[in-house]
Amino acid sequence: MKKIFITIAVISCMCISACASSEYTTPKDSKHIDENPHAYATEILNRDFDVIKRVLQILEKVSNCLDNSEPISRETFGEIIEIINEFSERRHQEKEAIALFPLLKAECGGEKKDFLGRLLMEHVSARDQMRDFADAINNIYQGKKAKKQITKIAYGYIKWMKKHMQTEEKILFPWVNKILTEDKQGILIEKFEAMEKEDIDNGRYEKYMTMIERLENQLGLCSE
Ligand SMILES: [Fe+2]
């Protein structure tokens, strides 16, 4: 009986999805940009969030599988960490820390200084959590306690990132769109696109999007 249950659980976790594989798109094909030809720079940040939310869904699914004693390899978690490092730590955090926040400071002086400082600290915390997660993954084959530690960090990170994104979507982005003029929005969009261009040209963006789509298909998740 137990054997049958495990077999069914493994199939449900690792089945090939019936979802049609979504076609690879570049950041410029984003639905946010399509819907609004006079896009705000924050639409580019929203688009990065769309990808991060998909990765968090993958992380949640594999963590559930691990919690149910289903076979998830260290390599799978390793790939997820690599994707998070790429989309959350590199793409999202760099856009804000290098381009957006300095522009806001130049435009608004000390206004919302503490709030921006808090968001930067949340970025640091997210990186720390990922480092702890990578350490925990190394012990994945060392028994139940080690697996519990992995899923504990994973669920904590998912909750943390969702809260961070929600704060930015509800407070930061509306404020940015209110205070930045069309010219400043244009400058910011150019900066964001310049930061993305190299990754698109050298295939790095496509590589990670393909990894996400493969994991979604393996886990039976749909991106739409
Ligand atoms: Fe952020």
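None of the values given here were measured: they were computed from a predicted structure.

A. How the structure looks around the nonpolar core. Residues Ile52, Val55, Val62 and Ile80 are the most contacted members of the largest nonpolar core, which totals 42 residues. Of all the secondary structure elements, the ones that give two or more residues to this core are helix H3 (41-67), helix H4 (74-108), helix H5 (113-137), helix H6 (144-179), helix H7 (182-201) and helix H8 (204-219). Per element, the largest residue contribution to this core is 13 residues, and it comes from H3. The contacts of isoleucine 52, once residues within four sequence positions are left out, are Phe87, Ser88, His92, Met161 and Met165.

B. The arrangement of H5 in detail. Over its 25 residues, H5 runs 36 Å from end to end, which matches the ideal 36 Å to within 8%, given 1.5 Å per residue. Considered for burial, the residues of H5 that qualify are Leu116, Leu119, Phe133 and Ile137. Contacts made by the buried residues of H5 are with H4 and H6.

C. Looking closely at the packing of H4 against H8. Interaxial distance between H4 and H8 falls to 10 Å at its minimum, and their mutual angle equals 135°. Taken together, the axes of H4 and H8 lie oblique to each other. Crossing handedness for the pair H4 and H8: left-handed. Only Tyr208, Met211, Ile212 and Leu215 of H8 make contact with H4, whose side of the interface consists of Glu79, Ile83, Glu86 and Phe87. In the contact of H4 with H8, the residues fall into six nonpolar, no polar and two charged.

About the criteria used
- Residues numbered from 1 in each chain as written.
- Predicted model: local features only at pLDDT ≥ 70, side-chain atom pairs only at ≥ 80, totals over all residues.
- Core = buried A, V, L, I, M, F, W, Y, C linked by C-beta atoms within 7 Å.
- Buried ≥ 20, exposed ≤ 12 C-beta atoms within 10 Å, placed from the backbone.
- Helix = DSSP H or I, 4+ residues; strand = E, 2+ residues; numbered from the N terminus.
- Contact = placed C-beta atoms within 7 Å.
- Expected span 1.5 Å × (residues − 1).
- Axes fitted to C-alpha atoms, helices over the stretch in contact; angles between N-to-C directions.
- Parallel < 35°, antiparallel > 145°, perpendicular 65-115°, else oblique.
- Left-handed = near helix turned anticlockwise from the far one by under 90°.
- Nonpolar A, V, L, I, M, F, W, Y, C, P; charged D, E, K, R; others polar.

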